[in-house]
There are 2 protein chains.
Amino acid sequence: MSELSPYLESAAKTIDRMIDRYFVDKTGELNKASAHLLAAGGKRLRPAVVMLAADAVKPGSSDDLLQAALALEVTHTFTLIHDDIMDDDSLRRGVPTVHTKWDMPTGILAGDVLYARAFEHICMVNAANEAKVRAVTMLARACADICEGQHMDMSFEHRSDVDQHEYMEMVRKKTGVLYAAAAGIGAVLAGGTAVQVKALYQFGLNTGIAFQIQDDLIDLLTPAEKSGKDQASDLREGKQTLLMIKAREKGLDLSKYRRDLSPADIDVAIKELTEAGVIDEVKKIAGDLVAASNKHLSLLAPSKERQLLMDIGEYFVTRSY
Amino acid sequence: MSELSPYLESAAKTIDRMIDRYFVDKTGELNKASAHLLAAGGKRLRPAVVMLAADAVKPGSSDDLLQAALALEVTHTFTLIHDDIMDDDSLRRGVPTVHTKWDMPTGILAGDVLYARAFEHICMVNAANEAKVRAVTMLARACADICEGQHMDMSFEHRSDVDQHEYMEMVRKKTGVLYAAAAGIGAVLAGGTAVQVKALYQFGLNTGIAFQIQDDLIDLLTPAEKSGKDQASDLREGKQTLLMIKAREKGLDLSKYRRDLSPADIDVAIKELTEAGVIDEVKKIAGDLVAASNKHLSLLAPSKERQLLMDIGEYFVTRSY
């Protein structure tokens, strides 16, 4: 995986430059609000997946598809801006959220502007028109699914009986489909065959789900100094994550942790979940998803880019923040 | 104009059937919220413009483009759902607004779902892929402009010095560009030449702006029994409409009407604005826009559809509700 970090860094710089050019260097208050979160950094993982998928299908093709890579980051950012309004979160990527820095109406509109721009940028790609139409359709379906996933996620807040099937469906929609679209759009625009497009779509879907499961593990296991987020906030809020669901299946009662938790309390919870085998089981589910995604990738010819995609999957479930 | 009414009725029925098929007959709470306002009726004017523009360019072509006509209505509805949240309006088309019947997060997501579906439906059209890509780009740009227009409109609420230029720019973006996109998309998808597409785009833009100006006149002049809306609400709220701007230019002080107004008070206001020539001036601006839009249409070959488009322009500025 030693080549993954420099690749991701370089891809992120490319996208950052495009963000500056198309979004940051604009006048008007609404444009500033739209650019705010986009310019606040981020790993630019979805654009990297677009580019790698394209190059895995046709070496060197990603140079023509940077507008689509940008479109995926823009789409992701629009969903974050709207999610922050719904969840009334005040901080994201170390900066105030858009509706906090401006106001709720401006937050809705800033997200809506990015939503439009994403489709505009997909159409700016240098690719066959048929491929562009398919890419637009894939992006549109992903967006509708993401809304559905966010709606499911919010509905889970009022429940304590969410099962694994429902959880996986929610995560598939909320996180999986955008990685799936990223890989699928890269493949389609690079002129990939139906088999290649499907393989990359499935790769993205599986790794995207694994990414979210790992996020839940990080919430519990990684101290705030390292993750930059409150440790064990899911536990404190009684959130229906795969960890909580698996614990419930084993008869563990985690409701006792729905309160302010000291570092020692968190250690007790981790110990309880570890001894019951919950953490290993959840890790295994994430690992199995990455193994499945690699199987999809094996339908492609071996290449440096295919290996980097496999590395991304591995990175998704081994990262600790 | 005797042929316009039956045409619009028939076009609306076609779109209503598609709405039933693609939106109403779906399960799930978020789908129901997305379909709520779409199914609450409406004149379906933008879809009619898509169809007429297409047939004016290539007779009979609209049959293949109904998905694009639907997409324009879906886009319009998504903007209404989000606007209602921003303005916190509770009623629309005689039914509770989405965020009132459900909640604010569901309102945001219901709008976002329709946003995605609009692009999906544009791609479902039976047309050349190049035309579809251009149509997607036109729709995306219109959506970004609409956001900008809504943002301007909201910013006007805190001002009393908006000038005619700013007002026209706001209305162009908030209302004009979607009619422009409707006509332009119909023309592009029907295989129109650059001249035809531009002419129809400009037709839509001018009539769309005229439509909004007429809306402001209706607010003042049409009794609630007829319009279904509070009469003179703009006057009561001190809204920066073209009427108010023109009145200010003439040195009239309308701030005295920023209070509860009886029917007699409204009559006094109408008399004052009429005698100062404000109402005639505003009517002339709307009429000139329609005349300009007809000039654009004269670049097309004469046809029944071209005449119906001219009739729509005429209808926009003569309707009294």
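First things first, this report covers the structure right here in the doc.

**Quick look at the overall build of chain A**
So, step 1. What chain A contains, in helices and strands, is 15 helices and two strands.
So, step 2. Compactness check: chain A gives a C-alpha radius of gyration of 20 Å against a globular reference of 20 Å for 321 residues, within 12% of the reference.
So, step 3. If one aligns the C-alpha atoms of chain A with their principal axes, the spans along those axes are about 55 × 50 × 35 Å.
So, step 4. The buried share among the 321 residues of chain A stands at 59%.
So, step 5. Counted over contacts in chain A with a minimum sequence separation of 6, partners at least 24 positions apart contribute 72%.
So, step 6. Measuring between centres, the 38 positive side-chain charges of chain A sit 4 Å from its 47 negative side-chain charges.

**Things to note about the relation of the copies chain B and chain A**
So, step 1. Superposing chain B onto chain A takes a rotation of 180° combined with a translation of 0.0 Å along the rotation axis, leaving an RMSD of 0.0 Å. Expressed as a symmetry operation, the mapping of one chain copy onto the other fits a two-fold axis. Every residue of chain B has its C-alpha some distance from the rotation axis, and the shortest such distance is that of Asn129 of chain B, at 2.7 Å.
So, step 2. Counting the interface residues of chain B, we find that 100% of their copies in chain A are interface residues as well, pointing to one common contact surface.

**Considering the packing of helix α12 (residues 242-249) of chain B against helix α14 (residues 278-297) of chain B**
Residue and element names in this part refer to chain B.
So, step 1. One way to put it is that α12 packs onto α14 with a least axis distance of 9 Å and a crossing angle of 130°. One element, α12, and the other, α14, form an angle in the oblique class. Of the two possible hands of crossing, α12 and α14 adopt the one that is right-handed. Counting all contacts with α12, which are made through Leu242, Leu243, Lys246 and Ala247, the residues of α14 involved are Val278, Ile279, Glu281, Val282 and Ile285.
So, step 2. Broken down by class, the residue content of the contact of α12 with α14 amounts to seven nonpolar, no polar and two charged.

**Details of the state of the cysteines**
So, step 1. Under the counting rule described, the total for this entry stands at zero disulfides over all chains.
So, step 2. Cys123 of chain B forms no disulfide, and the closest cysteine sulfur to it belongs to Cys123 of chain A, at a distance of 7.7 Å.

**Thoughts on the interface of chain B and chain A**
So, step 1. In this assembly, 35 residues from chain B lie in contact with 35 residues from chain A.
So, step 2. The junction of chain B with chain A conceals about 3,100 Å² of combined surface from both sides, 76% of it contributed by carbon and sulfur atoms.
So, step 3. Taken as a group, Leu109, Val133 and His151 of chain B account for 16% of the area that chain B buries against chain A, more than any other trio of residues on that side.
So, step 4. The tally of links between chain B and chain A comes to two salt bridges.

**Brief notes about a negative patch on the surface**
So, step 1. Together, Asp87, Asp88, Asp89, Glu157 and Glu237 of chain A make up a negatively charged patch on the protein surface.
So, step 2. Looking at where Asp88 of chain A falls in the secondary structure, it is placed in the loop between α4 (66-87) and β1 (91-92).

**Quick notes on the side chain of Gln214 of chain A**
Residues and elements named next belong to chain A.
So, step 1. Position of Gln214 relative to the elements: it lies in helix α9 (residues 194-221).
So, step 2. Residue classification places Gln214 among the buried positions, given a relative accessible area of 8%.
So, step 3. Other than its neighbours up to four places away in sequence, Gln214 contacts Phe316, Val317, Thr318 and Arg319.

**What to know about helix α6 (residues 104-123) of chain A**
Helical geometry note: an α-helix holds 3.6 residues per turn, so side chains three or four residues apart project in the same direction.
So, step 1. The first and last C-alpha atoms of α6 of chain A sit 30 Å apart over 20 residues, in line with the 28 Å expected at 1.5 Å per residue.
So, step 2. With 19 of 20 residues buried, α6 of chain A is to be regarded as a mostly interior element.

**Some points on the side chain of Ser61 of chain B**
Residue and element names in this part refer to chain B.
So, step 1. Looking at where Ser61 falls in the secondary structure, it is placed in the loop between α3 (45-57) and α4 (66-87).
So, step 2. Of note is the side chain of Ser61, whose polar atom sits 2.7 Å from the backbone oxygen of Lys58.
So, step 3. Contact partners of Ser61, with chain neighbours within four places excluded, come to Ala54, Asp55 and Ala190.

**Observations regarding α3 of chain B**
So, step 1. Along its 13 residues, α3 of chain B runs 18 Å from first to last C-alpha, staying within 8% of the 18 Å computed at 1.5 Å per residue.
So, step 2. Among the 13 residues in α3 of chain B, 13 count as buried, and that is most of the element.

**Some words on the packing of helix α7 (residues 129-156) of chain A against helix α8 (residues 164-189) of chain A**
Residue and element names in this part refer to chain A.
So, step 1. Running from N to C, α7 and α8 cross one another at 165°; their axes reach a closest spacing of 8 Å. Classified by the angle between their axes, α7 and α8 sit roughly antiparallel to one another. As α7 runs across α8, the sense of the crossing is left-handed.
So, step 2. Here the contact of α7 with α8 is composed, by residue class, of 16 nonpolar, three polar and nine charged.

**Observations concerning unusual backbone geometry**
So, step 1. A positive phi angle, close to 55°, is found at Arg44 of chain A, a residue other than glycine.
So, step 2. Structurally, Arg44 of chain A is set in the loop between α2 (29-38) and α3 (45-57).
So, step 3. Phi at Ala232 of chain B is positive, roughly 65°, even though this residue is not glycine.
So, step 4. Mapped onto the fold, Ala232 of chain B is located in the loop between α10 (224-227) and α11 (233-237).

**Structural notes on the packing of aromatic side chains**
So, step 1. Applying the stated criterion to the full structure yields 14 aromatic pairs over all chains.
So, step 2. The interplanar angle of 20° and the centroid separation of 6.2 Å between the aromatic rings of Tyr115 of chain A and Phe119 of chain A together place this pair among those described as stacked. Of this pair, Tyr115 of chain A and Phe119 of chain A both sit in helix α6, separated by four residues, roughly a single helical turn. Comparing Tyr115 of chain A with Phe119 of chain A, the two get one shared label, buried.
So, step 3. Ring centres of Tyr179 of chain B and Phe211 of chain B lie 5.7 Å apart, and the angle between their planes is 50°; on these two criteria the pair is classed as tilted. With Tyr179 of chain B in helix α8 (residues 164-189) and Phe211 of chain B in helix α9 (residues 194-221), this residue pair connects regions lying 32 residues apart in the sequence.

Conventions adopted
Residues numbered from 1 in each chain as written. Chains lettered and ligands numbered in written order. Predicted model: local features only at pLDDT ≥ 70, side-chain atom pairs only at ≥ 80, totals over all residues. Heavy atoms only, no water. Helix = DSSP H or I, 4+ residues; strand = E, 2+ residues; numbered from the N terminus. Rg over C-alpha atoms; globule rule 2.2 N^0.38 Å. Buried < 20%, exposed > 50% of the residue type's maximum accessible area, 1.4 Å probe, protein only. Contact = heavy atoms within 4.5 Å. Lys, Arg positive; Asp, Glu negative; His and termini not counted. Charge placed at Lys NZ, Arg CZ, Asp CG, Glu CD. Least-squares fit on C-alpha atoms with pLDDT ≥ 70 in both. Axes fitted to C-alpha atoms, helices over the stretch in contact; angles between N-to-C directions. Parallel < 35°, antiparallel > 145°, perpendicular 65-115°, else oblique. Left-handed = near helix turned anticlockwise from the far one by under 90°. Nonpolar A, V, L, I, M, F, W, Y, C, P; charged D, E, K, R; others polar. Disulfide = S-S within 2.5 Å. Buried area = accessible area lost by both parts, 1.4 Å probe. Salt bridge = Lys/Arg side-chain N within 4 Å of Asp/Glu carboxyl O. Patch = residues over 30% accessible without salt bridge, like charges linked within 9 Å, V, L, I, M, F, W, Y side chains within 5 Å. Areas by Shrake-Rupley, 256 points an atom, 1.4 Å probe, with all protein chains shown as cover. Expected span 1.5 Å × (residues − 1). Polar contact = N/O pair within 3.5 Å; in protein donor to acceptor, adjacent residues only side chain to side chain. Phe/Tyr/Trp six-rings, centres within 6.5 Å; stacked < 30°, edge-to-face > 60°.

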